[in-house]
Amino acid sequence: QVQLVESGGGLVQPGGSLRLSCAASGSIFRIFAMGWYRQAPGKQRGLVATITSDGTTNYVDSVKGRFTISRDNAKNTVYLQMNSLKPEDTAVYHCYADRVVTTTPDEYDYWGQGTQVTVSS
């Protein structure tokens, strides 16, 4: 059983910063990619950023230059540093682990439960 646990969300003023963390636990052998998606009220869940095991990153255009995704492969943890936050960044942020290979072995994708980020004055 693999679990993803997010932390670091909260309320921040426009222009502020937050750092999200997501730790994957369980009998994990390898994770191909990890990332963050977000879902605002009344909208579909959408990509924020992803990072592969070799460090290749991908960002949605709206966060480029403001958000930075990073990963600690040894800890199976992914981070999202969010700077210059805007009200439109308000959403529930979900961690995603793509192609998680366990020691069973099996391979599945996993989602975290989400952490709320609210940008408001």
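Quantities reported herein were computed from a predicted structural model and do not represent experimental measurements.

### What to know about the side chain of E6
Piece 1. Considering the arrangement of structural elements, one finds E6 in strand β1 (residues 3–7).
Piece 2. With no salt bridge to any partner, buried E6 finds its closest opposite charge in R45, at an N-O distance of 7.7 Å.
Piece 3. At 2.8 Å, the side chain of E6 forms a polar contact with the backbone nitrogen of C95.
Piece 4. A polar side-chain atom of E6 sits 3.2 Å from the main-chain amide nitrogen of Q113.
Piece 5. In contact with E6, other than residues within four places in its own chain, are S21, C22, W36, Y93, H94, C95, G112, Q113, G114 and T115.

### Quick look at the nonpolar core
Piece 1. Within the largest apolar cluster, 31 residues are counted, with the highest numbers of intra-cluster contacts made by W36, L80, M82 and Y93.
Piece 2. Taken together, the elements giving at least two residues each to this core come down to β3 (18–25), β4 (28–39), β5 (46–52), β7 (67–72), β8 (77–82), β9 (91–102) and β11 (115–119).
Piece 3. Among the elements that take part in this core, β9 stands out by supplying five residues, more than any other.
Piece 4. The contact partners of L80, leaving out residues within four places of it in the chain, are L18, R19, L20, W36, V48, A49, F67, T68, I69 and Y93.

### Let's talk about the layout of surface pockets
Piece 1. One number sums up the size of the largest pocket: a volume of about 190 Å³.
Piece 2. Residue lining of the largest pocket: R38, Q39, A40, K43, Q44, G46, L47, V60, S62, E88, T90 and A91, and that is the complete set.

Rules and cut-offs
- Numbers given to residues run from 1 along each chain, matching the order in which its sequence is written.
- For this predicted model, a pLDDT threshold of at least 70 governs which residues receive local features, and a threshold of 80 or more governs which side-chain atom pairs are given and counted, while totals over whole chains, interfaces and linings are taken from all residues.
- Values shown for side chains rest on all heavy atoms present in the structure; no hydrogens or waters enter the calculation.
- Under the DSSP-based scheme used, a helix requires at least four consecutive residues in state H or I and a strand at least two consecutive residues in state E, with every element numbered from the N terminus.
- To sort residues, take the accessible area from a 1.4 Å probe on protein chains only and compare it with the maximum for the residue type: under 20% means buried, over 50% means exposed, and anything in between is partly exposed.
- For the purpose of counting charges, residues Lys and Arg are taken to be positive, whereas Asp and Glu are taken to be negative. His and the chain ends are not included.
- Here a salt bridge means any side-chain nitrogen of Lys or Arg lying within 4 Å of a carboxyl oxygen belonging to Asp or Glu.
- Throughout this description, a polar contact denotes any pair of N or O atoms lying within 3.5 Å of each other; where both atoms belong to protein, one of them has to be capable of donating a hydrogen while the other can accept it, and for residues adjacent in sequence the pair is counted only when both atoms sit in side chains.
- Should any heavy atoms of two residues lie within 4.5 Å, those residues are counted as being in contact.
- The nonpolar core is taken to be a set of buried Ala, Val, Leu, Ile, Met, Phe, Trp, Tyr and Cys residues, with the residues joined through side-chain atoms within 4.5 Å.
- A 1.4 Å probe that fits into a set of points on a 1 Å grid over the protein atoms alone but cannot get out defines a cavity; an open set with protein on both sides within 12 Å along at least five of seven lines defines a pocket, and lining residues are those with an atom within 4 Å of a point.
- Grid points are joined across faces, edges and corners, and a volume is the space filled by probe spheres set on the points.

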